[in-house]
Protein chains: 2
Amino acid sequence: MAVATQSTEELCINSIRFLAVDAIEKSKSGHPGLPMGAAPMAFVLWDQFMRYNPKNPQWFNRDRFVLSAGHGSMLQYALLYLMGYDSVTIEDIKQFRQWGSKTPGHPENFVTAGVEVTTGPLGQGIANAVGLAVAEAHLAAKFNKPNATIVDHYTYVILGDGCNMEGISGEAASIAGHWGLGKLIALYDDNHISIDGSTDVAFTEDVSKRFESYGWHVLHVKDGNTDLAGIAKAIEEAKAVTDKPTMIKVTTTIGYGSPNKANTAGIHGAALGPDETALTRTNLGWNYAPFEIPQEVLNHTRKAVERGAGYETEWNKAFADYQAKYPQEAAEFSRLLSGKLPEGWDNVLPTYTTEDKAQPTRKHSEICLNKLGTILPELIGGSADLTHSNLTELKGAGDFQKGHFANRNIHFGVREHAMGAICNGIALHRSGLMPYGATFLIFTDYMRASIRLAALSEAGSIWVMTHDSIGQGEDGPTHQPIETLASLRAIPDLTVIRPADGNETSGAYKIAIEKSKENASTLLAFTRQNVPNLAGTSVAGVAKGAYVLVDSQGTPDIILIGTGSELSLAVGAAEKLTAAGKKVRVVSMPSTTLFDQQDAAYKESVLPKAVTKRLSVEAASSFGWHKYVGTEGDTVSIDTFGASAPGGTCLEKFGFTVDNVVAKAKALLG
Amino acid sequence: MAVATQSTEELCINSIRFLAVDAIEKSKSGHPGLPMGAAPMAFVLWDQFMRYNPKNPQWFNRDRFVLSAGHGSMLQYALLYLMGYDSVTIEDIKQFRQWGSKTPGHPENFVTAGVEVTTGPLGQGIANAVGLAVAEAHLAAKFNKPNATIVDHYTYVILGDGCNMEGISGEAASIAGHWGLGKLIALYDDNHISIDGSTDVAFTEDVSKRFESYGWHVLHVKDGNTDLAGIAKAIEEAKAVTDKPTMIKVTTTIGYGSPNKANTAGIHGAALGPDETALTRTNLGWNYAPFEIPQEVLNHTRKAVERGAGYETEWNKAFADYQAKYPQEAAEFSRLLSGKLPEGWDNVLPTYTTEDKAQPTRKHSEICLNKLGTILPELIGGSADLTHSNLTELKGAGDFQKGHFANRNIHFGVREHAMGAICNGIALHRSGLMPYGATFLIFTDYMRASIRLAALSEAGSIWVMTHDSIGQGEDGPTHQPIETLASLRAIPDLTVIRPADGNETSGAYKIAIEKSKENASTLLAFTRQNVPNLAGTSVAGVAKGAYVLVDSQGTPDIILIGTGSELSLAVGAAEKLTAAGKKVRVVSMPSTTLFDQQDAAYKESVLPKAVTKRLSVEAASSFGWHKYVGTEGDTVSIDTFGASAPGGTCLEKFGFTVDNVVAKAKALLG
């Protein structure tokens, strides 16, 4: 492969390859195979097609790029460096995978400007990309006018064999095909190698045919190693098809250029080693020192800076024109981008008294969602085929469908995992959209990786989860969450809220909306069954995570801590215990997450250390509750799987009755 | 559709429909749509093709049936009742979805004999079915002889639109196609309706083409409502293709027979109501009372009892013949079916002293797996494309591939979720096979629903999870578990073990193997990085969940509780604190699950109530630890996401050092 003289393009592509090889060699950790093989397609894309502004990575109308095969992160860092982003300098590249660097092991949008989403867990990126394309399609349909276009960009993805093996990518590709997202273009790095070796050991399906079955436009570049014109032609063809997403299979050689390790699993995820690095240099005719980039390359690639400034200037002009013609729409567009909420938005949230009729909190959720949906046009989302169980329809907002992208009710189908990642992509479009995704609480298990990534990548997605306990009833243990709340509360940076009634549901939504605008994710858990509106519940109380709902005169003998549908049991038990002469405090704790964030004085005011008799009441696992009930406390909880029976029967049989709470409290009191 | 006279087949099919309609009407809960639409295909299958013995539902060589669309459970209960299983009587059907009944909302193998796996969470069933077919293929390849066949059955599945939307089904279908599992036959109930309405709202892909892309043999029955001969012909054709699994798309009408609700989402998941039930009776010419089955029907369907007895007798003869010809193989086959472990099997587990070199526990795991794999041929499994990171290869056992089904190393590809469900299917074949599945601990998030179902359905799968903390290192926060251990420990009936060194790894495997034979699942968490072999660790200690590793003279001032790689930090800190005059106990707690199951006296002996200064040391979330450290204790833990840097750096930066443990202990001691 060695060539005496290399074209500028070849030099650029080899620059990407050797930045990857040398950075990984230095850190002795990383994945050189993908950057070496995918450098040509990535370079053609970033050099000839993608519109972005290196000096303003957040420029709104940029094309979005997602490296779904996130382990190949050095590919993206090399591109950012070469194209002139300030976020990745050559020094940053030398710090690849080191503590505090801008170049972590996998691309992290919250660390490195120019990275749109956080990838690494395979398949997430392509599903995020569907979300980015949804956001673009929605905003374009909503804001563009026949004579004024302000939203108009592509979403490009590079994904690998691993991404294509993951179920989430199939889910996302199926729904993207259904929607016909024409501005989504995926380049599949078809290199035949995964960690276990040749894809022959586990992955012999016809990927192109599969994408065709989803309704995608499918192309194939047979020589992705050297046929730059072929790559460019395919991208052109992809752009020409506007009613279908395109998947371009680009057949490449993993670790291209390495004489002994190319086309082997050995180059997938390990440094080449000094010998093979030297041989690769020779083989590719690369006479530069580690981290040295020929000036000819930079002269070429840094043209992206001027080009990008031009794109942004052009767009600014278009936007000014739009503002002149459509001031109201422009103002709303600007508000969205600013991340600001309209004045008084939270006034729409209803409050209740004990006179108001008992309803399921999922019904309260529906009311909140619809009131908020009216005042907050950025609220967009839906359910994984449980719309009328989750009660998540925004009435009058129409269904987001091909040809109707301005609508806001998204039918995700029975695809929880893709729903999660698509919501994250919509949020990470960073255009102010607030996505929500809904299913039964138990099925967070199907989308847990995306819920975690929402928190990690600061996406600000809102998860609306209903049927939040064994009160779910007849569907039985496969559908009844037990450990689910605990497992979600344990996720860092995710606020979990389980409101008890109408007021607390309003409080929960207030938090969820505010947090979404701060790029933090919230998970809301709602009941299937009716719950009464309780005296003393409040929006403000929810914000504290826990608060005193009912109190005794003087120091309580016992504190009952209730959440969600079981708060009323705690209140009922407190009445009986008080009648029996006990001093009882009831604490409502809709969110352990928020309570943990309060200062020590507030915590002490709610749960005084001196009161050691504490009893939590929650129709879920006891796991995690000892933090609040302490060593001398107890829990009314369920640490086994549930059962199929009417919800009321399940609750009663598993001990979620006022009488059992009273009995357990008395046992604690001795 | 009303007919004056109905054929016996039609009467049988309508019997299934009305058992479903009437049971759901009585319970006012359930999903009539699928049973009404899929009754013809199910009846043809159970009447003409499937080989089973109603009076011995566990007969080894039975065809396996999986209702992947588990919400249609009444279909399966109706079949079991009609075919003469004792597990489902007409009284049981009247108790559909009631407390303690044999007829729960979704099929549960641990409740109802004749149900093979637990379905309901969509897509799990088809993936379980792949596992059942893997088990059959493996045992057939291993035991059958040219002149003696003892393993020879089909695995049939009915799946719906929902199953086909879920990513897990795509993963499972892809790998099943790769393997060419010819005895797997799936009937896809193509009824165009899911909960949100027409599949047009979210599911317009070409499913048949997709399955073809996976390498499946695909057929289509255009009129699944009445063309019984067409259904039978398709199943015949499916059986004739032996080198590919077959997917038969059977186009049906959901809720067939209901004049006003058929072909609507309204009949998917709700009782018809008295009026529509009456109209449906008229429409289908059904003149029988609720739960009344015509004698003509039972006369026909109960022939299955005699037929089934004949199949078993025939098989018993074949097995006797096999025993005579191949006594050794027959003995091994019988041992497998008995669920017994060979004498002295656990003697192969190695033990270590402090002289033995430091190794990662994943390396200890590899040693155990290989030693066990030699003595336990029922151990079969592999990794989701991380074989050489998880170190899960059974050396010399060969790769399970098409034409090599006797081999035991399964390459699942990057398909964690399907891996989980396939392992569960292998276990639930109930032929003594002990499946294990491996990936990085963090990616349990991708397969959590299957891990939960392994526990719930008493599958006995073993989960081998490596890279169990921020010690994972450079891959960064997307790959570093934080809350993962907590989230898994919270799952009921799942034993989680995080061993500290070689001895504890042997102890962990001893538990995992024993539990697997008791149909209970275990999750093992191993380090990427080296850990020293510690004095006092033991196999027996692991079985207790926690035990005293280092003790002080007299009552300790403080107890340090360590797990896994952090146990050595606790030991190191104890040395320093002891040198400083403190009385320190170190408790190793490899399994909170197992410790929780010990009696009060043992718990008190390890964690005496009197010692309130307790400090846990685990490179993971503090979530759940307050149960053990109590109100006056503390944790050395990490409650934020990790970071990309070398593992040692991460551990140090996040406070996992002897010095920090000492400092935190001193702070507690005051």
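Residues numbered from 1 in each chain as written. Chains lettered and ligands numbered in written order. Predicted model: local features only at pLDDT ≥ 70, side-chain atom pairs only at ≥ 80, totals over all residues. Heavy atoms only, no water.

Caption draft 1: Quick peek at the overall build of chain A. Looking only at helices and strands, chain A has 26 helices and 20 strands in total. Taken over C-alpha atoms, the radius of gyration comes to 28 Å for chain A, in line with the 26 Å a tight globule of 670 residues would show. By its C-alpha atoms, chain A is 95 × 60 × 45 Å across when sized along the principal axes. Residues counted as buried form 69% of the 670 residues belonging to chain A. Surface accessibility of chain A: about 20000 Å² in total, with carbon and sulfur atoms responsible for 50%. Taking the 59 positively charged and 72 negatively charged side chains of chain A as two groups, their mean positions are separated by 4 Å. (Helix = DSSP H or I, 4+ residues; strand = E, 2+ residues; numbered from the N terminus. Rg over C-alpha atoms; globule rule 2.2 N^0.38 Å. Buried < 20%, exposed > 50% of the residue type's maximum accessible area, 1.4 Å probe, protein only. Areas by Shrake-Rupley, 256 points an atom, 1.4 Å probe, with all protein chains shown as cover. Lys, Arg positive; Asp, Glu negative; His and termini not counted. Charge placed at Lys NZ, Arg CZ, Asp CG, Glu CD.)

Caption draft 2: Quick peek at the relation of the copies chain B and chain A. When chain B is fitted to chain A, the residual RMSD is 0.0 Å, and the transformation amounts to a turn of 180° plus an axial shift of 0.0 Å. The operation mapping one copy onto its partner corresponds to a two-fold rotation axis. Comparing interface residues between copies, 100% of those in chain B also lie at the interface in chain A; the contact surface is shared. (Least-squares fit on C-alpha atoms with pLDDT ≥ 70 in both. Contact = heavy atoms within 4.5 Å.)

Caption draft 3: Summary view of the environment of Glu652(B). Residue and element names in this part refer to chain B. Assignment of secondary structure puts Glu-652 in helix α25 (residues 647-653). Classification of Glu-652 by relative accessible area gives exposed; the value is 55%. Between the C-alpha atoms of Glu-652 and Gly-471, which are 181 residues apart in sequence, the distance is 9.6 Å.

Caption draft 4: Just the packing of aromatic side chains, in detail. Summed over all chains, the structure comprises 56 aromatic pairs over all chains. Ring plane angle 20° and centroid distance 6.1 Å describe the contact between Phe623(A) and Phe623(B), whose orientation is recorded as stacked. One end of the pair, Phe623(A), is in the loop between β19 (614-617) and α24 (626-629); the other, Phe623(B), is in the loop between β19 (614-617) and α24 (626-629), on a second chain. Residue classification places Phe623(B) among the buried residues on the basis of a relative accessible area of 18%. Here Phe60(B) and Trp315(B) contribute two aromatic rings whose centre-to-centre distance is 5.8 Å and whose plane-to-plane angle is 40°, an arrangement assigned as tilted. In this pair, Phe60(B) sits in the loop between α2 (33-49) and β1 (64-67) while Trp315(B) sits in helix α12 (residues 303-325), placing the two residues 255 residues apart along the sequence. Using a relative accessible area of 6% as the deciding quantity, one classes Phe60(B) as buried. Judged by its relative accessible area of 11%, Trp315(B) falls in the buried class. An aromatic cluster of three or more residues is present, and its members are Phe60(A), Phe143(A), Trp315(A), Phe319(A), Tyr322(A), Tyr326(A) and Phe333(A). (Phe/Tyr/Trp six-rings, centres within 6.5 Å; stacked < 30°, edge-to-face > 60°.)

Caption draft 5: Local environment of the interface of chain B and chain A. Across the boundary between the two partners, chain B contributes 94 residues, which contact 94 residues of chain A. A buried area of about 7900 Å², summed over both sides, lies between chain B and chain A, and 59% of it is on carbon and sulfur atoms. Across the contact surface, chain B and chain A share eight salt bridges. Of the charged contacts, one joins Glu483(A) and Arg452(B) as a salt bridge, the two residues approaching to 2.7 Å between their closest N and O atoms. Across the contact surface, chain B and chain A share 50 residue pairs in polar contact (both at pLDDT 80 or more). For the side of chain B that touches chain A, the residue count by class is 35 nonpolar, 34 polar and 25 charged. (Buried area = accessible area lost by both parts, 1.4 Å probe. Salt bridge = Lys/Arg side-chain N within 4 Å of Asp/Glu carboxyl O. Polar contact = N/O pair within 3.5 Å; in protein donor to acceptor, adjacent residues only side chain to side chain. Nonpolar A, V, L, I, M, F, W, Y, C, P; charged D, E, K, R; others polar.)

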